[in-house]
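Okay, here's what each chain looks like letter by letter:
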Amino acid sequence: SSGINAEYGVFAFVCVLALTGLIVTLVMPPKLRDAETVKLQSAVKKYWSYTANSAEQAFVDNIQRSLGCCGASSVYDYTAMDVPPSCCKNPTGCDQSRAYKHGCYSLLSSKVLAQCTLPIVAAVVVLVAELVTACCVFTAKTKSGTADYYTQLLK
């Protein structure tokens, strides 16, 4: 009887640990997203203060060109006359009316999320398989009377 309670305790601990991991996974991305938004907004605001052709400016230009976006939230992150050429399909005469309308952060987040979906799903499947296996083993041990034997080994 006390052996079965000990195994229930171990099983409960594993469940709490798995639940904690799930909660952290659900809570942390918005906080990380907020931090990354601030970084991207800062880079966009400082765009014209960077030295021409600097690594920072090239970073923002590469994101805007490759994703077809402009600014962190939208083209309106830049003033009306100061839209970088990388915000337009045709860089000549780029202004707010010709610039991409979507902000880069939402497009970048979507691409990252698309890349992370499969590993997250695989991790959840493995976790569920582990929990099901643990339940089956525990049930089999309890029914065969070996639960007390294994519990005594752990003591």
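Parameters at a glance
Residues numbered from 1 in each chain as written. Predicted model: local features only at pLDDT ≥ 70, side-chain atom pairs only at ≥ 80, totals over all residues. Heavy atoms only, no water. Helix = DSSP H or I, 4+ residues; strand = E, 2+ residues; numbered from the N terminus. Contact = heavy atoms within 4.5 Å. Areas by Shrake-Rupley, 256 points an atom, 1.4 Å probe, with all protein chains shown as cover. Core = buried A, V, L, I, M, F, W, Y, C linked by side-chain atoms within 4.5 Å. Buried < 20%, exposed > 50% of the residue type's maximum accessible area, 1.4 Å probe, protein only. Disulfide = S-S within 2.5 Å. Phe/Tyr/Trp six-rings, centres within 6.5 Å; stacked < 30°, edge-to-face > 60°. Polar contact = N/O pair within 3.5 Å; in protein donor to acceptor, adjacent residues only side chain to side chain. Expected span 1.5 Å × (residues − 1). Arc of directions from axis to C-beta.

Help me get a handle on the overall build of the protein, residues and values and all.
Along the backbone of the protein there are 4 helices and 0 strands. Across the protein, every contact between residues at least 6 apart in sequence was considered, and the portion connecting residues at least 24 apart equals 57%. Within the structure as shown, the protein displays about 10500 Å² of accessible surface, and the carbon and sulfur contribution to it stands at 68%.

Please give an account of the nonpolar core that cites residues and values.
Generally speaking, a soluble globular protein has its nonpolar side chains buried in company with each other. The biggest cluster of nonpolar side chains holds 20 residues, and the ones touching the most others in it are C70, Y78, V83, C87 and A99. Residue assignment for this core shows that the elements contributing at least two residues are α1 (2–45), α2 (55–67) and α3 (104–144). Those residues within four positions of Y78 in sequence are excluded, and the remaining contacts are V44, Y47, W48, V60, Q64, C70, G71, V83, P84, C87 and Q96.

Kindly report on the state of the cysteines, identifying the contributing residues and their values.
Inspection of every chain in the model, using the stated rule, returns 3 disulfides. The partner cysteine of C70 in its disulfide is C87, sulfur to sulfur 2.0 Å. Of note, the bridge from C70 to C87 carries an S-S torsion of about 80 degrees and is right-handed in sense. Residue C70 is found in the loop between α2 and α3, and its partner C87 is found in the loop between α2 and α3; the two are separated by 17 residues along the sequence. A sulfur-sulfur separation of 1.9 Å characterises the disulfide bridge that pairs C88 with C94. Given an S-S torsion of about 75 degrees, the disulfide between C88 and C94 has right-handed geometry. Cysteines bonded in the protein are numbered consecutively along the chain; their disulfide partners then correspond to 1-6, 2-3, 4-5.

Give a detailed account of the packing of aromatic side chains, specifying residues and quantitative values.
This model, assessed by the stated rule, comprises 2 aromatic pairs. Ring geometry for Y47 against W48: centres 4.8 Å apart, planes inclined by 85 degrees, an arrangement best described as edge-to-face. Residue W48 is classed as partly exposed on the basis of its relative accessible area of 45%. Ring centres 6.0 Å apart and planes at 80 degrees place the aromatic pair Y47 and Y78 in the edge-to-face group. Of the two residues, Y47 sits in the loop between α1 and α2 while Y78 sits in the loop between α2 and α3, which places them 31 residues apart along the sequence.

Which residues make up the environment of W48, and what are the values?
If you trace the backbone, W48 turns up in the loop between α1 and α2. Other than its neighbours up to four places away in sequence, W48 contacts Q57, Y78, D82, V83 and P84. Here D82 takes part through its backbone oxygen, which lies 2.7 Å from a polar atom of the side chain of W48.

I'd like a rundown of α2, residues and numbers included.
Between its terminal C-alpha atoms α2 stretches 18 Å, which fits the 18 Å expected from 13 residues at 1.5 Å a residue. For α2, every residue scored as buried is listed here: Q57, V60, D61, I63, Q64 and L67. The arc that holds every buried residue of α2, seen down its axis, measures 160 degrees, which confines them to one face. With respect to the buried face of α2, the exposed residues turned more than 90 degrees away are A55, R65 and S66. Phi for G68, located one or two positions after α2, is positive at around 65 degrees.

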